[in-house]
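# Structure assessment
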Amino acid sequence: MLELRHLRTLVALRDAGSLVEAAERVHLTQSALSHQIKDLEERLDSQLFMRKTRPVAFTRAGQRLLTLAEQVLPQVRMAERDLARLAGTEQGRLHMAIECHSCFQWLMPTIDHFRDHWPEVEIDIPDGYHFDPLPALAREQLDLVITADPQPLAGIFYEPLFRYEGLLAVGRQHRLAGKSFVTPQDLAEETLITYPVEHARLDVFTQFLDPAGVRPSELRTAELTIMMMQLVASGRGVCALPNWALTEYLERHYVRAVPLGETGVWSTLFAAIREETREAPWMQDFLRTARETSFAVLESIKPA
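What this report covers is the structure whose coordinates are included nearby.

Cut-offs applied
Residues numbered from 1 in each chain as written. Predicted model: local features only at pLDDT ≥ 70, side-chain atom pairs only at ≥ 80, totals over all residues. Heavy atoms only, no water. Helix = DSSP H or I, 4+ residues; strand = E, 2+ residues; numbered from the N terminus. Buried < 20%, exposed > 50% of the residue type's maximum accessible area, 1.4 Å probe, protein only. Arc of directions from axis to C-beta. Contact = heavy atoms within 4.5 Å. Expected span 1.5 Å × (residues − 1).

## Quick look at unusual backbone geometry
Residue Pro55 is bonded to the preceding Arg54 through a cis peptide linkage, with omega at 0°. Relative to the helices and strands, Pro55 resides in the loop between strand 1 (49–50) and strand 2 (57–58). Non-glycine residue Lys52 carries a positive phi angle of around 60°. Relative to the assigned elements, Lys52 resides in the loop between strand 1 and strand 2. Its identity as a non-glycine residue notwithstanding, Glu140 has a phi of 70°, on the positive side.

What follows is the structure, encoded as structure tokens:
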């Protein structure tokens with residue numbers, strides 16, 4: 001009567017809090033997900049959760065299945081890893097570069113979790129590399145690159161991890177703080193603070209300012225997110241960051257966040273890998289772990 005997909009669906013429903021978001025996580029339409037749950041409830045002759053509640057409120061039967069899922073799914077995952085390891089013929093190497101200043105918030109827990117299960121895979125993040133990461137990936141100097149800016153390179157595959165929204169961080173008393181969204185023209189008189197990277201790699205330029213032909217009155221760079229937040233909070237500029245990077249500063253009421261445009265600016269974060277390593281068991285497990293960890297520790301992201 002019960003299948004692993006049912007348990008995974010219930011976990012996704014609990015973690016996402018709604019049918020719509022849960023359907024995205026398990027790669028089904030909302031209609032297909034609803035049908036799957038209804039079919040399961042009919043088989044069990046039990047209602048599993050209360051409809052029209054947000055977040056989802058589970059019944060006692062639903063809670064019992066969630067308890068089962070928490071016991072069974074990790075064991076299944078461990079067995080899958082063991083079988084993949086037994087079938088593997090190479091030790092594996094995972095040297096990576098991160099084209100994302102804010103990614104360590106979810107990447108380091110991912111690496112820690114992955115290392116526990118694949119101790120034989122050599123993991124390294126080269127420090128201070130003086131080359132373009134994606135071409136270096138193609139030359140086999142690297143094995144994985146975290147990027148939001150995919151480039152068409154022969155032999156390179158881009159695995160989508162998740163989607164995120166870019167938000168404009170402003171001081172709590174800033175003139176834009178009360179707006180429901182900002183327009184490109186709103187930034188024409190502002191000092192825009194960015195990480196020290198090319199403008200072609202920043203969504204605030206490529207998806208927001210450049211199409212409107214707008215330039216901020218002044219540009220300023222900062223290496224660290226916390227430095228950017230200090231500048232923003234003290235009224236010395238504004239900055240655009242991924243929604244997850246702003247969570248802790250918003251919770252502390254340090255700054256305010258405003259969407260970029262009426263529909264927002266959304267981007268996808270990718271893991272770039274070489275085609276020949278795409279099917280390696282340890283690489284597949286790293287990508288899966290990265291997605292699961294991202295949704296566990298980051299807020300307001302969406303499945304890619």
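Structure's up, so let's keep going.
## Focus: helix 8 (residues 225–233)
All of the buried residues in helix 8 are Thr225, Met228, Met229, Leu231 and Val232. Axial view of helix 8: buried residues confined to an arc of 160°, hence all on one face. In this structure, the buried residues of helix 8 make contact with strand 6 (156–170), strand 7 (191–194), strand 8 (218–221), strand 9 (238–242) and helix 9 (243–251). Of the residues trailing helix 8, Gly235 is marked for its positive phi of about 80°.

## A short note on helix 1 (residues 4–16)
Relative to the 18 Å expected for 13 residues at 1.5 Å per residue, helix 1 spans 18 Å between its end C-alpha atoms, a close match to the ideal helical length. Those residues of helix 1 that fall on the buried side of the exposure criterion are His6, Leu7, Thr9, Leu10, Val11, Ala12, Leu13 and Ala16.

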